[in-house]
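What follows is the residue order along each chain.
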Amino acid sequence: MIKDLRYAIRTLLKRPGFLLVAVSTLALGIGATTAMFTVVNSVLLRPLNFPDPERIAIVEGINPRLGIKESNVSVPDVVDWQQQSQSFEQLAGFITWGAFLATGDETERVRAAGVSPEFFPLFRAQPSSGRTINAGDAQAESAAVTVISYGLWQRRFGGAPEVVNSTVMLSGVKNTIVGIMPAGFDFPADTDLWTAYPLDAREVRDNRYLNVVSRLKPGVSIAQAQTEMDTINQRLEQSYVQTNSGWGVRITELRERMVGELRPSLLMLFGAVAFVLLIACANVANLLLARAAYRQKEMSVRAALGASRWRVVRQLLTESLLLSVVSGAAGLALSVWLIKLLIAISPPDSARFDEITINWQVFAFAFGVTILAGVLFGLVPALQTSRIDLNERLKESGRSGSPGGSRNRVGSLLIVSEVALSFVLLAGAGLLIKSFMHLRTIDPGFNSSNVLALRMTLPPGKYKQGEPRAQIYKQLVEQVRSVPGVQSAGVVLSLPLGGDTFNLGRGVLLEGRPATPEAASNASHLTVSPEYFRTLNIPLKEGRTFTDQDNAQSPKVVIVNETMARKLWPGESPVGRRFSIWRDENFLREVVGVVGDTKFTLDKEAGQQMYVPYAQDANWSSLSLVVRTNSEPAAVAGAVREAIGSVDKGVAIWNLKTMNDVVSTSAAPRRVPMLLLTAFAGVAMLLAMIGIYGITSYYVTQRTHEIGVRMALGAQIADVLRLVLRRAMLLSVAGVGLGVAGAVAVTRYLETLLFGVKPFDVITFAAVALGLVLVALIACLIPARRATKVDPLTALRYE
């Protein structure tokens, strides 16, 4: 084996051009495959960093009657579940919010979570210092305490151990730090600190705002827990008809809940890079087949001197594996860069992407792929080359021996396979591109150009709910509106297209309808200032928008979107109609206008939306400000900040961005898979092009004598071109035909990633087929043109 290795090294170094092309091709395939495996392994396969993570599940509310597929739950329901269920070891509730942490003269916004006492025991999470939240902390008379994350401890407190038992101000409330969590524990959603949140069964049962996480008992499956919870909820529905009718729960494993939406995209991309690797292997196999033609005499001499066929195969496989190992090392290095690129272009806050690391499993995968690739591209050429007919081979010159029909058939089969695999990838990329183009043409319901957005939060405890908050926000908006370059400004509770994570839904009951759950509807509840619609250019379809006269003393009014108007008052004008809103049942609101739909997600229907004037709903301490400018929004961002500070320096400003950024971020979950698959398809097409060029060049070289004879007997340039191109184009067309069949079978799995496009799109498939045929034609034109320049006398004399 050592001799074989030494000889393989010498042989490969003799042809540096072949070595460079082969290593580059394989390294690209192995590197891309390893990078995607690293992502898939870290995000989808690796267990969560908790003991027995498969037993941790999320419990969400659902209401099919109201079309609610996922919802938070109420505290009284959770208390009942804790008392009645037998499937869980723990059920914990938690809420999340953005808090302001003040230590000394410094204040920063942090991600906070209020958790019930069962939260930390559920995760089996032990603090690195101090203690966690316990039942005593959840008592009404207990002092406020907080547990901080390792990241916050290092970033804000410099890792000082004396921080435990020190006090900080959290959104204006004094809190004592009682513990520090170890590195890696930051559930949920990169949380910086946790506070105690009691579960009070006396709360309103239909106030659904609580998140719930659970730990199943050993041996209990999610299906068993789901069955039990369905039974419990049926009992609750009978006991609390007004609040629980139609409500149920869905239990999902925590890891699946976190990454379930990413699974189709990641598996699709992993399959795509596997295709790229197969194409790379086919390319190198073709290179080895072509190289074998120059080694026919060498192998014949080996056989004549007593080498068995297995001995020749072993030598050739040693060379292939050596080539693969070198490529694998280069590919592993390339994968490190590719992983960083994948993380950089991924949508922000992609679940578990911060956990992507190269570990022993990645090294094992890379090693396995390297060895497999070496066998894949090396075995067939080795078997072909080792089939030696001594009588024929030793008669031939070492340079021009005929390759034989068998080797030609193998090379042709490899080219057909390359083209077919390339077609599948290009068809998938074409479908995603067309889908994304459809997505980009969708009207989000507003004009995002030249609009700046930011979140404002009032100083804790400074402004009471009602008129004080209404007045301060009115002053803030007016001051911003006076900034040079600002056309208009307004505030809203939650930005469209998920620009804010906050999205409030409330029930609606029309005037004259019975107060039953069946008669209720559900709509997004948006508190806005009068200028909001003008600032985002949301069109008024009927009636009027809000004015400054719509205040706390005036009659209660509401504006609905077109979808809500169409569903609740089909074929009628909603203006003048009245309805009550959940939590505001004591009075009716009159519909004064209808505006166009604004989307919360680009690829989904807008849903029902209702707007109320902030002056009549001044309960919120945090709102989003939208500012339409005459020029680039970034140019006035500083002036807007100063204007806000001139009213009250204590107003916190965060999440500053443009609405164009919001639109772009909303499209990112579809844009990233489209870009990556397109890149992989482009690489596949390039490799196929190189393969067609290589096999055609080899074909021309091997038939130089025949071409010379044909030209000596009167063949014209067109005849020679036809001879060379016909074979290459037949292989390409056969590959396209096979690729169409493969694409029809594969692209149906892309259906969940497509929007406005069917998996079998004739136009896309035809365009890809035409493009591949043109690429194949370009690839074989250079060898074909070289064939026409063969000098018949020189070719015949050489032979």
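Cut-offs used in this document
- Residues numbered from 1 in each chain as written.
- Predicted model: local features only at pLDDT ≥ 70, side-chain atom pairs only at ≥ 80, totals over all residues.
- Heavy atoms only, no water.
- Helix = DSSP H or I, 4+ residues; strand = E, 2+ residues; numbered from the N terminus.
- Buried < 20%, exposed > 50% of the residue type's maximum accessible area, 1.4 Å probe, protein only.
- Areas by Shrake-Rupley, 256 points an atom, 1.4 Å probe, with all protein chains shown as cover.
- Salt bridge = Lys/Arg side-chain N within 4 Å of Asp/Glu carboxyl O.
- Polar contact = N/O pair within 3.5 Å; in protein donor to acceptor, adjacent residues only side chain to side chain.
- Contact = heavy atoms within 4.5 Å.
- Phe/Tyr/Trp six-rings, centres within 6.5 Å; stacked < 30°, edge-to-face > 60°.
- Patch = residues over 30% accessible without salt bridge, like charges linked within 9 Å, V, L, I, M, F, W, Y side chains within 5 Å.
- Lys, Arg positive; Asp, Glu negative; His and termini not counted.
- Charge placed at Lys NZ, Arg CZ, Asp CG, Glu CD.
- Expected span 1.5 Å × (residues − 1).
- Pairing = 2+ DSSP bridges.
- Axes fitted to C-alpha atoms, helices over the stretch in contact; angles between N-to-C directions.
- Parallel < 35°, antiparallel > 145°, perpendicular 65-115°, else oblique.
- Nonpolar A, V, L, I, M, F, W, Y, C, P; charged D, E, K, R; others polar.
- Left-handed = near helix turned anticlockwise from the far one by under 90°.
- Core = buried A, V, L, I, M, F, W, Y, C linked by side-chain atoms within 4.5 Å.
- Arc of directions from axis to C-beta.

### A closer look at the overall build of the protein chain
A count of helices and strands for the protein chain gives 23 helices and 22 strands. In terms of overall dimensions, the protein chain has a C-alpha envelope of 105 × 60 × 55 Å along the principal axes. Here the protein chain, with 799 residues, has 51% of them falling under the buried criterion. Put simply, the protein chain shows about 35900 Å² of open surface, and 58% of that area lies on carbon and sulfur atoms.

### Description of the environment of alanine 766
Mapping alanine 766 onto the fold places it in helix α22 (residues 762–788). Its relative accessible area of 44% is what places alanine 766 among the partly exposed residues. Residues alanine 766 and valine 740 lie 26 residues apart in sequence; the distance between their C-alpha atoms is 9.4 Å.

### Regarding the pattern of salt bridges
Using the criterion set out here, one finds 25 salt bridges in the structure. Linking arginine 544 and aspartate 550 is a salt bridge whose minimum nitrogen-to-oxygen distance equals 3.0 Å. Residue aspartate 550 is classed as buried on the basis of its relative accessible area of 7%. Each member of the salt-bridge network shares a partner with another, and the members are Asp52, Arg55, Glu89 and Arg124.

### Some thoughts on the side chain of serine 85
Structurally, serine 85 can be placed in the loop between α3 (75–84) and β3 (88–103). Among the polar contacts made by the side chain of serine 85, one reaches the main-chain carbonyl oxygen of tryptophan 81 at a distance of 2.7 Å. Dropping the residues within four chain positions of it, serine 85 is found in contact with Leu91, Glu228, Met229 and Ile232.

### Quick look at the packing of aromatic side chains
Counted under the stated rule, the structure contains 26 aromatic pairs. With a centroid separation of 4.0 Å and 5 degrees between ring planes, the pair formed by phenylalanine 37 and phenylalanine 365 is classed as stacked. Taken together, the residues phenylalanine 37 in helix α2 (residues 16–45) and phenylalanine 365 in helix α12 (residues 360–385) connect sequence positions 328 residues apart. Taking 5.3 Å as the distance between ring centres and 80 degrees as the angle between the ring planes, the aromatic pair formed by tyrosine 473 and tyrosine 614 counts as edge-to-face. Of this pair, tyrosine 473 sits in helix α15 (residues 467–481) while tyrosine 614 sits in the loop between β20 (609–613) and β21 (622–629), and the two are 141 residues apart along the sequence.

### A closer look at a positive patch on the surface
Positive charge collects at one region of the surface, where Lys3, Arg6, Arg10 and Lys14 lie side by side. If you trace the backbone, lysine 14 turns up in helix α1 (residues 2–14). Classification of lysine 14 as exposed rests on a relative accessible area of 68%.

### Quick word on α2
Between its first and last C-alpha, α2 extends 40 Å over 30 residues, near the 44 Å set by a 1.5 Å rise per residue. When you tally the buried positions in α2, you get 22 out of 30 residues, the bulk of the element.

### Brief notes about the pairing of strand β8 (residues 173–180)
Where strand β5 (residues 129–130) meets β8, two bridges bridge the pair, whose relative direction is antiparallel. Its bridge partner lying in β8, glycine 130 is registered against glycine 179. Alignment of strand β6 (residues 145–148) against β8, held across four bridges, turns out to be parallel. Across the sheet, valine 145 pairs through a bridge with threonine 176, a residue of β8. Examined bridge by bridge, strand β7 (residues 167–170) and β8 share four bridges and lie antiparallel to one another. Note on β8: the bridge partner recorded for methionine 169 is lysine 174.

### Overview of the packing of α1 against α2
Between α1 and α2, the shortest axis-to-axis distance is 5 Å and the interhelical angle comes to 100 degrees. Our classification of the angle between α1 and α2 gives roughly perpendicular. Contact residues: α1 offers Leu12, Leu13 and Lys14, while α2 offers Pro16, Phe18 and Leu19. Residue composition of the contact of α1 with α2, by class: five nonpolar, no polar and one charged.

### Quick notes on the packing of helix α21 (residues 717–746) against α22
Contact geometry for α21 and α22: axes closest at 9 Å, N-to-C directions at 155 degrees. Viewed along their axes, α21 and α22 adopt a mutual orientation that is roughly antiparallel. Once α21 is placed against α22, the crossing between them reads as right-handed. Contact residues: α21 offers Ile717, Val720, Leu721, Val724, Leu725, Ala728, Met729, Ser732, Val736, Val740, Ala743 and Val744, while α22 offers Phe765, Ala769, Leu772, Val773, Ala776, Leu777, Cys780, Leu781, Ala784, Arg785, Ala787 and Thr788. Looking at the contact of α21 with α22, its residues break down into 21 nonpolar, two polar and one charged.

### Description of unusual backbone geometry
Phi is mostly negative for residues that are not glycine, and the peptide bonds are mostly trans. Cis geometry marks the peptide bond from phenylalanine 187 to proline 188, where omega comes out at 0 degrees. Looking at the element boundaries, proline 188 is found in the loop between β8 and β9 (193–196). Of note, the phi angle at asparagine 165 is positive, near 80 degrees, even though the residue is not glycine. Tracing the backbone through its elements, the reader meets asparagine 165 in the loop between α5 (150–157) and β7.

### Digging into the nonpolar core
Counting residues in hydrophobic clusters, the biggest one holds 101 residues, and the most contacted among them are Phe423, Tyr532, Phe533, Tyr611 and Phe680. By residue number, the principal contributor to this core is helix α19 (residues 659–702), which donates 17 residues. With residues near it in sequence (within four places) discarded, phenylalanine 680 still touches Ala32, Met36, Leu269, Ala272, Val273, Val276 and Leu425. Met456, Leu458, Tyr463 and Leu493 belong to the second-largest nonpolar core, a separate cluster that totals 29 residues.

### Topic: a nonpolar patch on the surface
A cluster of nonpolar side chains, namely Val325, Phe367, Ile371, Val375, Leu379 and Leu383, defines an oily patch on the protein surface of about 470 Å² accessible area. When residues in the nonpolar patch are grouped by element, the largest group, five residues, is from α12. One can find isoleucine 371 in helix α12.

### Some details on the pairing of strand β19 (residues 589–595)
Where burial is concerned, most of β19 is hidden: six out of the seven residues are buried. Pairing between strand β16 (residues 540–543) and β19: three bridges, direction antiparallel. Looking at β19, one finds that glutamate 542 is bridged to valine 594. Here strand β17 (residues 557–561) pairs with β19 via five bridges, running parallel. From the neighbouring strand, isoleucine 559 faces β19, where its bridge partner is glycine 593. Two strands pair when backbone bridges link them, and strand β18 (residues 578–581) and β19 are joined in this way by two bridges, in the antiparallel orientation. Across the sheet, residue arginine 578 finds its bridge partner in β19, namely glutamate 590.

### Remarks on α5
Every buried residue belonging to α5 is among Leu152, Trp153, Arg156 and Phe157, and all of these are buried. Taken down its axis, α5 places every buried residue within 100 degrees of arc, on the same side. Looking one or two residues beyond α5, the residue adopting positive phi is glycine 158, at roughly 65 degrees.

### Quick look at the side chain of threonine 747
Within the fold, threonine 747 resides in the loop between α21 and α22. You can call threonine 747 buried: its relative accessible area is 2%. A distance of 3.2 Å separates a polar atom in the side chain of threonine 747 from the backbone oxygen of proline 759. Filtering out sequence-adjacent residues up to four positions away, threonine 747 remains in contact with Gly428, Leu431, Pro759 and Phe765.

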